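Geometric and topological summary
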Amino acid sequence: MLKSRRTFLIWTFAFIALAAVWGVSFDLIRKDRTEIAASSEKQAQQAMVYFREYVESAFRYADSYVKAVRREYVDNGQSLAAVERFMKLFPLDSKILSLVTIINAAGFPIMNTAAPIIPGTNAADRKYFRQSRETGTDNVVVSMAQRGRNTGKSVLRVVRRIELADGRFGGVIFAALDAEKMVDLVKSLNLGPNSSGTLVGEDMLIRARFAGGKFTFGQDISNSPMWAGLEKEPSGHFSRVSAVDGLDRHFHFARISGFPLIGLISISDRDLAKRQEEIISSHYLTLGVMTLLILAMTFFTLRQFAAREKLETATAALRTNEAQTRLITDTLPAEINYTDRDGVIRFANLAYARRHGFETGTDVIGKRKRDIWGADEHADVQREIASTLAGSLTQDERRRVMPDGSIRTFLFTRAPQRNDAGDIIGYVTIGQDISDLKDMEAALAQSQKMESIGQLTGGVAHDFKNLLAVKLGNLELLRDGLDSDFDARQIIDTIYGAGQRGARLTQQLLSFSRKQMLNPRPVNVSRHIRNLIGLLQRTLGASIEIVFAPGENVPSSRVDESQLDAAIINLCINSRDAMPSGGRLTITTGSVKFEQAQAEGAEEIAPGEYTTLNVSDTGSGMTPEVLQDATEPFFTAKDTGQGSGLGLSMV
């Protein structure tokens, strides 16, 4: 029901629009028929004003330049050098004037700025020369347009008489106006291809006429009834059939102020009719286009509504599906993203976005992996990405820096994505944080190793301890019975000392295997170490400087004193061995508090306050390879017989 009503309303509006367009178009056609003629007349009138202003400006400039050159010529005793100096200071405007010529009283040119003077040239029979010579007055003369012998262009000469200081006729001087510039001017007025511009002298001789792209001059119109009385009016307009070309024309004319010229601009009925035809045709064309446009818009609107309904249904289903997919992927404990062949991310779940500093997965979409990862990380996985885009399923482990600065280990699995044609268009990446799993594997391996070593060393140490107890006891009895035999007693002391060292080694093995009974109790570590400094100094020797820096308010700790002593002595002896030429050994104590979050990242440490014990030295230190195995049982970097390899492992 709603769909049918909507269709009816759309077609109703379409028919109303068509009726309005047709009504407006026919009304415009009626108005344009009457307005085109009026507007053309107004345009011609404005064109006449512009034409007159241009001609007056050009002729005034030409006349003022001619008078200035004449003054320099006459005032300096007919000196051409003075004229040349003047023209260098005030060069003529080449956009208006093409040349300046001086002709002496005999009619021979004595100066031409455009080209060298042709020998034998004489202008005495020219009308402008005769007119200037015979009138005896200083009136400006405008010659008939002629093609210049030197320039090859049609020019109008603005001529002034030269009168010498004694009153004699000294020739003429004229400047040549480029008449073809006026042709371009008439064309630029855009009055139509048959429009014309004309300059007529007061003697009713046409100085220049530009019509239909043609340039003519010299016609005598004094006997034509068409021009009767033209020279008596300052300006005006009339409509007549042209006596020159036979076209119906509308003329506008005006006198050129300061010069014996009349300017005319005309438009032809043929151009008016053509303009009306063009405008009316454009109206009909617009009417047809608007009709088709309205009908097309109507059909388009109907199809758009239908398509929108389908699109809204599909969009709603897509959004629901996308929301469900994102809900599932955002709750998974893994990073998931889909990247196209160009490296642009098209999908990312919440875990991937958070690790790279974004709030949601949609914030990542449209960004390039290279821009998010950085050049180094992106280059690090190029081989795996290339293999995936070639069609292989790839897996690799990588260490990545988290937003909080911690470093985690990820297992990345990449699977290629293909379109219906089987072409690979991108790949899906799943990144699983396996840091805890790696730590658990390492802890389990270490625990199993230590358990095996502990069982072995514990059993051996226990039995060896019993044997040593029997041997040491018998050695004591034997030594007590040999008071007088010094050599035998010395041998027994040596054997007894070796047995004591074996007993201490056995004690270390038992401690390492956790089979020795510990007696932890509250101990002030700083005070305990201070009491131990003397023993350490005697043990390490005079070449080692011991510096003890206890911390402030270090709390007591529950610890087995004998084990604490053994740990400190082991560390100090290792430091001494690293400084064969002597050095400084520094022992410091302090306290640290582990919060819950910190304790969760360390094995066998519960939250709470702890005492710290640091032993440092100025020795050679350990290479990275030695440091990696330093706490392994029975590992030692010392020479054979110099260490058991249990010192740091017990600590």
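To start, this report covers the structure provided alongside it. Numbering of residues starts from 1 in each chain and follows the order in which that chain's sequence is written. Totals for whole chains, interfaces and linings use every residue, but because this is a predicted model, local features are given only for residues with pLDDT of at least 70 and side-chain atom pairs only at 80 or more, for both listing and counting. Water and hydrogen atoms play no part in the side-chain values, which are based on all heavy atoms of the structure.

**Examining the pairing of strand 5 (residues 154-163)**
With nine of ten residues buried, strand 5 is to be regarded as a mostly interior element. Here, any two strands with at least 2 DSSP bridges between them count as paired. Only DSSP runs of H or I with at least four residues qualify as helices, and only runs of E with at least two residues qualify as strands; both kinds are numbered from the N terminus onward. Judged from the two bridges that link them, strand 3 (residues 141-142) and strand 5 form a sheet pairing that is antiparallel. Its bridge partner being in strand 5, Val 142 is matched across the sheet by Val 158. Pairing geometry for strand 4 (residues 146-147) and strand 5, over two bridges, is antiparallel. Residue pairing for strand 5: Arg 147 is matched across the bridge by Ser 154. As judged from the nine bridges shared by strand 5 and strand 6 (residues 169-178), these two strands associate in the antiparallel manner. Bridging from a neighbouring strand, Leu 156 pairs with Leu 177 of strand 6. Connecting strand 5 to the antiparallel partner strand 6 that follows it, the hairpin turn spans five residues, and Gly 167 within it adopts a positive phi of roughly 90°. Partly exposed describes any residue whose relative accessible area lies between the buried limit of under 20% and the exposed limit of over 50%, with all areas from a 1.4 Å probe on protein chains only and scaled to the type maximum.

**A word on the pattern of salt bridges**
Throughout this description, the term salt bridge denotes a Lys or Arg side-chain nitrogen within 4 Å of a carboxyl oxygen of Asp or Glu. Inspection of every chain in the model, using the stated rule, returns 16 salt bridges. In this structure, the salt-bridge partner of Arg 168 is Asp 166, at a minimum N-O distance of 2.5 Å. A salt bridge links Arg 584 to Glu 545; the nearest nitrogen and oxygen atoms lie 3.7 Å apart. Of the two residues, Arg 584 sits in strand 21 (residues 583-594) while Glu 545 sits in strand 19 (residues 544-549), which places them 39 residues apart along the sequence. Residue classification places Glu 545 among the partly exposed positions, given a relative accessible area of 42%. Linked by salt bridges that have partners in common, Asp 63, Lys 67, Arg 70, Asp 138 and Arg 160 make up one network.

**Regarding the nonpolar core**
Side-chain atoms within 4.5 Å are what join buried Ala, Val, Leu, Ile, Met, Phe, Trp, Tyr and Cys residues into a set we call a nonpolar core. One finds Phe 59 and Leu 156 to be the most contacted residues of the largest nonpolar core, which totals 46 residues. Looking at which element gives the most residues to this core, the answer is helix 1 (residues 2-75), with 13 residues. Contacts between residues were defined by any pair of non-hydrogen atoms, one from each residue, lying within 4.5 Å. Excluding residues within four positions of it along the chain, Phe 59 makes contact with Val 142, Leu 156, Val 158, Leu 177, Met 182, Leu 199, Phe 259 and Leu 261. Counting 14 residues, the second-largest nonpolar core is a separate cluster that includes Ile 529, Ile 546, Met 579 and Leu 585.

These results come straight from atomic positions and should not be treated as a statement about function.
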